[in-house]
Structures are given as structure tokens and as C-alpha cells.
Amino acid sequence: DMSIKVASITKPNPIEELKEEIILALKEDFLANIERHRLNIEIMLRSPTALQNHEGFMEGIVEELRKIGDFGSLLAAVEFMEDRGKEDGEEGEKK
């Protein structure tokens, strides 16, 4: 019996590729912003002149921490949506 096996060829889905690129770009942007605000705090903590205005100094650090938290929340939300999309895709394959 000489049966011929045909390989399954799947074409790349342009919508899926675009979705992955958008998710990657968002994650990279959020990570870059987190790093930028972390560096701002690092600079503030190492600057001897920053301590001259103690109240403004503390407010500045809190503001930078808020920005880190905002971008961290956005990053977590994108990762959550990405994971949900993968789970939904797996469920679709099982059906």
C-alpha cells in the first residue's frame, strides 16, 4: 500500500501577525517607560541638590512611582489579554 501523505501547510495569518506585533510594541513601550521613570527616581536619589527642597523631592518621587505603577498596570493588562487570547485559541483548536 503506497499511500501518499500530504503535509498540512498553514499560511501565516496576517491578522494574527499584526496582533502579535501590536502587543509586542505595546509591551516594549510600557517597559521603556517603566525604566525611564525608574531612572528618574535613581537620579533624584543620587542628586544632593534634590534634598534641599524635601517636600518637593518626596512629591517628585511619589509622582515617578505613580507613573511606574500606571505603566506596570498597563503592561499587566496587555499580558493578561495576551494570555486570554492564547487560551481562547487553544479552546478553539479543541472544538
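Presented here is an overview of the structure given in this document. (Residues numbered from 1 in each chain as written. Predicted model: local features only at pLDDT ≥ 70, side-chain atom pairs only at ≥ 80, totals over all residues. Heavy atoms only, no water.)

## Focus on the pattern of salt bridges
- Evaluation of the coordinates by the stated rule reveals five salt bridges.
- A salt bridge links arginine 46 to glutamate 42; the shortest N-O distance between them is 2.8 Å. You can see arginine 46 and its partner glutamate 42 sitting in helix α1 (residues 14–46), four residues apart, about one turn around the helix.
- Here the residues in one salt-bridge network are Glu35, Arg38, Glu42 and Arg46, joined through shared partners. (Salt bridge = Lys/Arg side-chain N within 4 Å of Asp/Glu carboxyl O. Helix = DSSP H or I, 4+ residues; strand = E, 2+ residues; numbered from the N terminus.)

## Observations regarding the environment of leucine 65
- Looking at the element boundaries, leucine 65 is found in helix α2 (residues 54–94).
- A residue is classified by how much of its surface remains accessible, and leucine 65, at 48% relative accessible area, is partly exposed.
- In this structure, the C-alpha to C-alpha distance between leucine 65 and isoleucine 41, residues 24 residues apart in sequence, is 8.0 Å. (Buried < 20%, exposed > 50% of the residue type's maximum accessible area, 1.4 Å probe, protein only.)

## Concerning a negative patch on the surface
- Taken together, the side chains of Glu16, Glu17, Glu20 and Glu21 make up a negatively charged region of the molecular surface.
- On the secondary structure map, glutamate 21 appears in helix α1. (Patch = residues over 30% accessible without salt bridge, like charges linked within 9 Å, V, L, I, M, F, W, Y side chains within 5 Å. Areas by Shrake-Rupley, 256 points an atom, 1.4 Å probe, with all protein chains shown as cover. Lys, Arg positive; Asp, Glu negative; His and termini not counted. Charge placed at Lys NZ, Arg CZ, Asp CG, Glu CD.)

## Observations concerning a nonpolar patch on the surface
- Together, Leu18, Ile22 and Leu26 line one region of the surface with nonpolar side chains, adding up to about 250 Å² of accessible area.
- Its place among the elements puts leucine 18 in helix α1.
- On the basis of relative accessibility, which here comes to 46%, the residue leucine 18 falls in the partly exposed class.

## A closer look at the side chain of glutamate 64
- Assignment of secondary structure puts glutamate 64 in helix α2.
- The side chain of glutamate 64 sits in the buried core without any salt bridge; lysine 67 is the nearest counter-charge, 4.1 Å away.
- The residues touching glutamate 64, leaving out its near neighbours within four places in the chain, are His37, Asn40, Ile41 and Met44. (Contact = heavy atoms within 4.5 Å.)

## Quick notes on the side chain of glutamate 82
- With respect to the element layout, glutamate 82 can be found in helix α2.
- At 3.0 Å, the side chain of glutamate 82 and the side chain of lysine 27 are in polar contact. (Polar contact = N/O pair within 3.5 Å; in protein donor to acceptor, adjacent residues only side chain to side chain.)

## A look at the packing of aromatic side chains
- Tallying each qualifying case throughout the model produces one aromatic pair.
- Centroid distance phenylalanine 30 to phenylalanine 71: 6.2 Å. Interplanar angle 40°. Geometry classified as tilted. With a gap of 41 residues between them, phenylalanine 30 in helix α1 and phenylalanine 71 in helix α2 connect regions that are remote in the sequence.
- In this structure phenylalanine 30 comes out as buried when scored by relative accessible area, which is 9%. (Phe/Tyr/Trp six-rings, centres within 6.5 Å; stacked < 30°, edge-to-face > 60°.)

## Regarding α1
- Its 33 residues place the ends of α1 48 Å apart at the C-alpha level, agreeing with the 48 Å of an ideal helix rising 1.5 Å per residue.
- For α1, the full list of buried residues reads Ile23, Phe30, Asn33, Ile34, His37 and Ile41.
- Where α1 begins, the side chain of asparagine 13 points an oxygen toward the backbone nitrogen of isoleucine 15, at a separation of 2.9 Å. (Expected span 1.5 Å × (residues − 1).)

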